Amino acid sequence: MEGASAAAHALSLPAEAYGNDPRLEVMWAMKAYNHAEVYFNLISSVDPKFLKLTKLDDKIYSTFRETFKELDIKLLKPDDLKSDEAKEPRLEVMWAMKAYNHAEVYFNLISSVDPKFLKLTKLDDKIYSTFRETFKELDIKLLKPDDLKSDEAKETWRPFCNQFEGLIEDFNYGTLLRLDCEKDYTEENTIFATRVQFFAVEIARNREGYNNTVFMSKSSKS
C-alpha cells in the first residue's frame, strides 16, 4: 500500500514540487535514452504503419495535424520545437500528452490497488462531501458529456470548482476523465475535465464502489 499511496500522492503534485535534484535529472536522461533505444529497435523490426503507441493515437494524430498542418516531420529543424513561435502551439500538445500520462498512471493505480483505499489528495473528505452536496443525483457510473459541458452543468460546476482555487494545485488544468467508469480510457470513453472535476468524480467513484469493476477485472486476470 505504501507504493500505491506514493503514486496517488504524486498525482496531486505539480512538477515544481520535485525541484531540480541532479540525481533525478540523470535518472530522467537515462529513462529518455532507454525509451528512445527501445522505440528505434521497434520501428527497425516491425512495419511502423501497424504500430499503435497509445490508446489515443487517433486523437493525438488529428489534434497534432490540426495544430501543425505545414510541419515537415520528415526532417525537423531545432526551431520547429524551440523557437518562441513554435512553443505556443507545442504547449497545447504537451499538455495533452501530460493529461494522457496522468490518466495512464491513474488507471494503472485503480487496476492494481483496491480503489476504496486510495487517497488522491489531502482534501478528499472535503471534495467528496461538497461534491455530493452539490451533485446529489449525478450518475458517476456512466457520465454523459452534457453532465460537464452543457450550459446548465457549467453554471453548477463553476462555483464548485472555484471554491478549491488555492487549495488544489492547478485546480483548473485540463485532465482526462472516463465517461463509463467500468471501461478504460479510449477516444470514445474520454472527456476533458478540469483537475478538480477529475478528483471529485474519481474520489466519489472510489468511495461508492464504482471503480471496483476495473480492479476486480484486472485482479481476476492476474
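The model shown is predicted, which means the values in this text are computed figures rather than measured ones. (Residues numbered from 1 in each chain as written. Predicted model: local features only at pLDDT ≥ 70, side-chain atom pairs only at ≥ 80, totals over all residues. Heavy atoms only, no water.)

Q: Can you help me understand the packing of helix H6 (residues 124–134) against helix H8 (residues 151–162) in this one?
A: Angle between the axes and distance between the axes: these two values describe a pair of packed helices. It is at 11 Å that the axes of H6 and H8 come closest, and there the two elements cross at 155°. Between H6 and H8, the crossing angle belongs to the class labelled roughly antiparallel. As H6 packs across H8, the resulting crossing turns out to be right-handed. Of H8, the residues touching H6 (which contributes Ile127, Thr130, Phe131 and Thr134) are Thr156, Trp157 and Phe160. Per-class residue counts for the contact of H6 with H8 are four nonpolar, three polar and no charged. (Axes fitted to C-alpha atoms, helices over the stretch in contact; angles between N-to-C directions. Helix = DSSP H or I, 4+ residues; strand = E, 2+ residues; numbered from the N terminus. Parallel < 35°, antiparallel > 145°, perpendicular 65-115°, else oblique. Left-handed = near helix turned anticlockwise from the far one by under 90°. Contact = heavy atoms within 4.5 Å. Nonpolar A, V, L, I, M, F, W, Y, C, P; charged D, E, K, R; others polar.)

Q: Help me understand the packing of aromatic side chains, please; the structure alone is not making it clear to me.
A: Each aromatic ring pair is specified by the distance between its two centres and by the angle formed by the two planes. On inspection of all chains with the given rule, the structure shows eleven aromatic pairs. Three or more aromatic residues joined by ring pairs make a cluster, and in this case those are Phe131, Phe135, Trp157, Phe160 and Phe164. (Phe/Tyr/Trp six-rings, centres within 6.5 Å; stacked < 30°, edge-to-face > 60°.)

Q: Would you explain the pairing of strand E1 (residues 174–178) in this entry?
A: Here is the key point about a regular strand: its side chains alternate between the two faces of the sheet. Within E1, four of the five residues are buried, leaving the element largely enclosed by the surrounding structure. Bridging between E1 and strand E2 (residues 190–194) involves five bridges; their strand directions are antiparallel. In the strand pairing of E2, Leu176 is matched with Phe192. (Buried < 20%, exposed > 50% of the residue type's maximum accessible area, 1.4 Å probe, protein only. Pairing = 2+ DSSP bridges.)

Q: How do you make sense of H6 when you look at a structure like this?
A: Because an α-helix completes one turn every 3.6 residues, residues spaced three or four positions apart along the sequence face the same direction. For H6, every residue scored as buried is listed here: Asp124, Ile127, Thr130, Phe131 and Arg132. Of the surrounding secondary structure, the elements contacted by the buried residues of H6 are H8 and helix H9 (195–207).

Q: Sorry, what's going on with empty space enclosed by the protein here?
A: Using the criterion set out here, one finds one cavity of 30 Å³ or more in the structure. Taken as a whole, the largest cavity spans an internal volume of roughly 40 Å³. Along its surface, the largest cavity is lined by Lys55, Tyr100, Ala103, Glu104, Phe107, Asp184 and Tyr185. A per-class count over the lining of the largest cavity returns four nonpolar, no polar and three charged. (1 Å grid on protein atoms, 1.4 Å probe; cavity = no way out; pocket = protein on both sides within 12 Å on 5 of 7 lines; lining within 4 Å. Points joined across faces, edges and corners; volume = space filled by probe spheres on them.)

Q: Would you mind showing me how to read H9 here?
A: Between the first and last C-alpha of H9 there are 18 Å, a value that for 13 residues agrees with the 18 Å anticipated at 1.5 Å per step. For H9, a buried count of twelve out of 13 residues is recorded, marking the element as mostly surrounded by other parts of the structure. Turning to H9, its buried residues number three or more, namely Arg195, Val196, Gln197, Phe198, Phe199, Ala200, Val201, Glu202, Ile203, Ala204, Arg205 and Asn206. Downstream of H9 by one or two residues, Gly209 has phi in the positive range, about 85°. (Expected span 1.5 Å × (residues − 1).)

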